[in-house]
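Below are the chains, spelled out letter by letter.
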Amino acid sequence: GIQVEQSPPDLILQEGANSTLRCNFSDSVNNLQWFHQNPWGQLINLFYIPSGTKQNGRLSATTVATERYSLLYISSSQTTDSGVYFCAVVSSGGSYIPTFGRGTSLIVHP
Amino acid sequence: ETGVTQTPRHLVMGMTNKKSLKCEQHLGHNAMYWYKQSAKKPLELMFVYSLEERVENNSVPSRFSPECPNSSHLFLHLHTLQPEDSALYLCASSHEDYNEQFFGPGTRLTVL
């Protein structure tokens, strides 16, 4: 099946810093999502982005499907950005069931 | 609020108890999922139901028994669990044709 790798696995930032999270995948995809898991365990949808670029406030994402990667940018980070960021993809050649990466754990210090 | 609800939010049970987790989606989706997330570990897919039929079962022990009576409701029946089953159990739903997934808030389970 499709492989999904996220980097870095852990990231520690000072409030106000910018960061880039990466998601690499091993096959062509129909769907790619970014989620933020908050400290209470809730997974919050950030972006549905199989290709192209989207922005939502301080967050933006870019997926380059032909090169099999996606990037999540966080600008002017805040302590509430802390948590785990997951990338999930649906392979073009397979079923509709998403495959998740192992996540990037982000801690933002005040 | 994602349109997916889970109850209870917290559950403590003994190894001999029987309990059930409930998930309900209000999004008109036709696929529902159970995931397990142990402490500091990635998400593990347990079961997938599509149009009320089970389409995925990732070698989950028989002490976990899913039930999907209709496309809006999903249950996970628990019996004779082990302490290592303590984890966050997450429910999600999506539509097969437009497969953006939405998650419920999770049930944090502790097995004593």
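Going by the structure above, here's the rest.
Residues numbered from 1 in each chain as written. Chains lettered and ligands numbered in written order. Predicted model: local features only at pLDDT ≥ 70, side-chain atom pairs only at ≥ 80, totals over all residues. Heavy atoms only, no water.

The subject of this paragraph is the sheet that holds strand β3 (residues 19-25) of chain A. All names here are of chain A. What the five strands build is an open sheet, ordered β1-β3-β8-β7-β6; its pairing is antiparallel. In the strand order of this sheet, the two ends are held by β1 (4-7) and β6 (52-56), each with one partner. For this sheet the average axis-to-axis angle between neighbouring strands, irrespective of direction, equals 15°. Note that strand β7 (residues 59-64) and strand β8 (residues 69-74) share six bridges and pair antiparallel. Within β8, the position partnered with A61 by the bridge is L72. (Pairing = 2+ DSSP bridges. Helix = DSSP H or I, 4+ residues; strand = E, 2+ residues; numbered from the N terminus. Axes fitted to C-alpha atoms, helices over the stretch in contact; angles between N-to-C directions.)

This next bit is on the pairing of strand β2 (residues 10-13) of chain B. Residues and elements named next belong to chain B. Judged by which residues are buried, β2 turns out to be one-sided: L11 and M13 face inward and are buried, whereas H10 and V12, on the alternate face, are not. Bridge analysis of β2 against strand β11 (residues 107-111) gives four bridges, and the strand direction is parallel. Paired with H10 across the bridge in β11 is R108. (Buried < 20%, exposed > 50% of the residue type's maximum accessible area, 1.4 Å probe, protein only.)

What follows is about the interface of chain B and chain A. As a measure of interface size, the accessible area lost when the parts come together is often cited. Opposite the 24 residues of chain B that make contact, chain A presents 17 residues. Carbon and sulfur atoms supply 58% of the area buried between chain B and chain A, which totals about 1,700 Å² over both sides. Our count for the chain B to chain A interface comes out at zero salt bridges. Across the chain B-chain A interface, the total number found is five residue pairs in polar contact (both at pLDDT 80 or more). If you list the elements that add at least two residues to the side of chain B that touches chain A, you get β4 (31-37), β5 (44-50), β6 (53-57), β9 (87-94) and β10 (102-103) of chain B. Looking at the side of chain B that touches chain A element by element, the count peaks at four residues for β4(B). For the side of chain B that touches chain A, the residue count by class is 14 nonpolar, six polar and four charged. (Contact = heavy atoms within 4.5 Å. Buried area = accessible area lost by both parts, 1.4 Å probe. Salt bridge = Lys/Arg side-chain N within 4 Å of Asp/Glu carboxyl O. Polar contact = N/O pair within 3.5 Å; in protein donor to acceptor, adjacent residues only side chain to side chain. Nonpolar A, V, L, I, M, F, W, Y, C, P; charged D, E, K, R; others polar.)

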